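# Descriptive structure summary
This is what each chain is made of:
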Amino acid sequence: MKIYNTGKGIIIEHDEKFFLSKKNKWDKFVNRKNLYKKIIKEIEKLEADNSLVNPIEKDLLPPIGNQEIWAAGVTYIRSREARMEESKDMGGGDFYARVYEAERPELFFKATSYRTVGSGKAVRIRKDSKWNVPEPELTLFVCSKGTIEGYTIGNDMSSRDIEGENPLYLPQAKSYNGSAAIGPCLYVSELPIHPDTIIRLEIARNGSIVFNGEISINRMKRKHVELVEFLFKETSFPNGTYLMTGTGVIPPDDFTLNVDDEIRISIDGIGTLINKVSS
């Protein structure tokens, strides 16, 4: 099922039917263990209303309340190669080779909700950066108890020249206004997402496709639960949290985003996250 955060309220899509939840607080609605079963019980008492597709199309909000967004890095071999390439001239390439093989994953803080945009809104590239790319990522929603309760699509916007100059600049390359996008919904399922699920990235410029690529999430080196366990070791999340799980689709080194490019990230079963680029 899909959960949409809209100006009208929380809308549940299940079996091609739409329901308006009686709960109106996003944080309390999503931050529950066994979320799928609890929503199934709720919609048994609700009437379907297919006119609710209108606020989804016209008044869609990002699927986030007071959650933080965290991210994992170097979880695919392609991201390891890209990080090593961008930082080799400054002697930082070895860091990424080692973290790919290490027991402890790379985890970093990505964004607050007010620095995050939803589908249909603009992501940003830094004005002091000349090499910027989107990073399409399966994004977990983890409740405050530490269990994975849902999935969404994430765009981890990255300034590769800033991070490549010095690995200590990663927070500046990764975390700034409009650097994160998630949506269009929170996908909640009874079972974990299928390992053969495909992530697709398409970038359009002036009506033409300038990059496209895809990868299966089964190419990840680390397990989702492994990343969550490390994130929750010494950190609490009273409203739950989002965790971007890393990217395996990265444009070539001679590519950078331009203002007005359109980024489309699709994940099987979840939908498509669409964002224009601004500065």
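Please refer to the structure placed before this passage.
What comes next concerns the included structure.

Rules and cut-offs
Residues numbered from 1 in each chain as written. Predicted model: local features only at pLDDT ≥ 70, side-chain atom pairs only at ≥ 80, totals over all residues. Heavy atoms only, no water. Helix = DSSP H or I, 4+ residues; strand = E, 2+ residues; numbered from the N terminus. Rg over C-alpha atoms; globule rule 2.2 N^0.38 Å. Buried < 20%, exposed > 50% of the residue type's maximum accessible area, 1.4 Å probe, protein only. Contact = heavy atoms within 4.5 Å. Areas by Shrake-Rupley, 256 points an atom, 1.4 Å probe, with all protein chains shown as cover. Lys, Arg positive; Asp, Glu negative; His and termini not counted. Charge placed at Lys NZ, Arg CZ, Asp CG, Glu CD. Arc of directions from axis to C-beta.

Turning our attention to the overall build of the protein chain. Helix and strand content of the protein chain: eight helices and 18 strands. Taken over C-alpha atoms, the radius of gyration comes to 18 Å for the protein chain, in line with the 19 Å a tight globule of 279 residues would show. Over its C-alpha atoms, taken along the principal directions, the protein chain stretches across nearly 60 × 45 × 30 Å. Burial status across the protein chain gives 54% buried among its 279 residues. Pairs at least 24 residues apart make up 73% of the contacts formed inside the protein chain by residues separated by at least 6 positions. Looking at the protein chain as shown, the accessible area adds up to about 13,000 Å², and 47% of this sits on carbon and sulfur atoms. Taking the 39 positively charged and 40 negatively charged side chains of the protein chain as two groups, their mean positions are separated by 5 Å.

Take the side chain of Ser-189 next. Tracing the backbone shows Ser-189 in the loop between strand S13 (180-187) and strand S14 (198-205). Every residue in contact with Ser-189, bar those within four places of it in the chain, is listed here: Tyr-36 and Tyr-151.

Attention now moves to helix H8 (residues 224-231). When H8 is considered as a whole, its buried residues turn out to be His-224, Leu-227, Val-228, Phe-230 and Leu-231. Looking down the long axis of H8, one finds its buried residues gathered within 165° of arc, a one-sided arrangement. Exposed residues on H8 whose side chains face more than 90 degrees from its buried face are Val-225 and Glu-229. Where the residues of H8 are buried, they touch strand S5 (68-73), strand S6 (106-111), strand S10 (136-142), strand S11 (148-156) and strand S16 (241-244).

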